[in-house]
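# Results of the structural survey
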Amino acid sequence: MTMTVTGLTAVRSGRTILHSTSLNIPLRDRIGLVGSSGSGKTTLGHALIDDLRAQGHCVAHVPQSPEEALDPLRSMAFHWREAEVALGLAPDRADQAALFVALKIEGGDLRKRPWSWSRGMQQRFVIAMALLGNPDLIVLDEPTSALDPVVAAATMELLGGFLDGKDTAMILITHDLGLVARRVERLMVMDSGHLVEQGRTKEILERPKTRAAKALSAHRNWMALPC
Ligand SMILES: Nc1ncnc2c1ncn2[C@@H]1O[C@H](COP(=O)(O)OP(=O)(O)O)[C@@H](O)[C@H]1O
Ligand SMILES: [Mg+2]
């Protein structure tokens, strides 16, 4: 199965911030959506999620920082139950345990509220919630930019390991090519609200065609970083 969106646009305050964009996302695809800050990545991510959900696809979203997804007044157990209810799932301890082990949060106390967990653990919990119910697609919007590079790299490794062999497709939104270069097969490059280039990651890194892709791939030394 391939998920398809056609002619996505977004206008805010009379300004077009996303120009007509069409995409095909095959199941299992691992895609990096890259571009400088303000190029329209988050806007495209939201438009894509809304459109695919309206088509009936199960699409999960992981925002940039765990504070956007977690209520400081509610326990972690409450959040987990809310996610199950939203997906129409009965509580399933085995499913929960498998996700907690995969994302290394099995030691976390679910009776506690988010702030007594470390940020890295909070974000891995948010990712685990997003993976509940085996979505067709998970969209992660700069999911590790609020984490230190070592924790960020470990988080991406755990997510990659969990998704390995699963049908769930992934779109990883980032301005950090070092983070995506080794983790996605395909890149989509945004510039000023346009999707300006897409192709195999290696090809774009080695032979970028557009100004935006050239600017990003000029920082090839980022690939040596652990994140
Ligand atoms: N609600 C809004 N009203 C006006 N402009 C917006 C709004 N949301 C985003 N923008 C503008 O649209 C552009 C793209 O934003 P965004 O999608 O957040 O970019 P990115 O995620 O790549 O940093 C930016 O110039 C931003 O200022
Ligand atoms: Mg953004």
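This one's a predicted model, so the numbers in the text were calculated from it and none came from an experiment.

Taken together, the residues surrounding ligand 1 are R12, S13, I17, G35, S37, G38, S39, G40, K41, T42 and T43. By residue number, the principal contributor to the shell around ligand 1 is helix 1 (residues 41–54), which donates 3 residues. Split into classes, the residues belonging to the shell around ligand 1 amount to 1 nonpolar, 8 polar and 2 charged.

An order of 4-5-6-3-7-8 is seen for the 6 strands of this open sheet, with the pairing classed as mixed. With partners counted over all chains shown, the strands left at the sheet margins are strand 4 (59–62) and strand 8 (194–200), one partner each. Averaged over all adjacent pairs, the angle separating strand axes in this sheet is 15°, with direction ignored. Pairing between strand 3 (residues 30–34) and strand 6 (residues 169–174): 5 bridges, direction parallel. Directly across from L33, in strand 6, lies its bridge partner I173. Of the strands in this sheet, strand 3, strand 4, strand 5 (137–141), strand 6 and strand 7 (186–191) touch helix 1, which is tilted by about 155° from strand 5.

Time to look at the UniProt feature "domain: ABC transporter" (unreviewed entry) in the protein chain. The feature "domain: ABC transporter" (unreviewed entry), as given by UniProt, occupies residues 3–217 in the numbering adopted here. Along residues 3–217 the backbone is 37% helical and 26% strand, and the end-to-end C-alpha distance reaches 28 Å.

The biggest cluster of nonpolar side chains holds 54 residues, and the ones touching the most others in it are L33, I138 and V189. The residues touching L33, leaving out its near neighbours within four places in the chain, are K41, L44, G45, I171, L172, I173, M188 and M190.

The next subject is the environment of C58. Note on placement: C58 falls in the loop between helix 1 and strand 4. The exposure class assigned to C58 is partly exposed, which follows from the 14 C-beta atoms found within 10 Å. With near-sequence residues (within four places) excluded, C58 lies in contact with G133, P135 and D136.

Here the focus is the environment of R30. Relative to the elements of secondary structure, R30 occurs in strand 3. The exposure class of R30 is partly exposed, given the 18 C-beta atoms found within 10 Å. The sequence separation of R30 and L44 amounts to 14 residues, and the corresponding C-alpha distance is 16 Å. With residues near it in sequence (within four places) discarded, R30 still touches M170, R183, V184 and E185.

The rules we used
Residues numbered from 1 in each chain as written. Chains lettered and ligands numbered in written order. Predicted model: local features only at pLDDT ≥ 70, side-chain atom pairs only at ≥ 80, totals over all residues. Near = placed C-beta within 6 Å. Helix = DSSP H or I, 4+ residues; strand = E, 2+ residues; numbered from the N terminus. Nonpolar A, V, L, I, M, F, W, Y, C, P; charged D, E, K, R; others polar. Pairing = 2+ DSSP bridges. Axes fitted to C-alpha atoms, helices over the stretch in contact; angles between N-to-C directions. Contact = placed C-beta atoms within 7 Å. UniProt positions renumbered as here; feature names shortened; annotations may be inferred. Core = buried A, V, L, I, M, F, W, Y, C linked by C-beta atoms within 7 Å. Buried ≥ 20, exposed ≤ 12 C-beta atoms within 10 Å, placed from the backbone.

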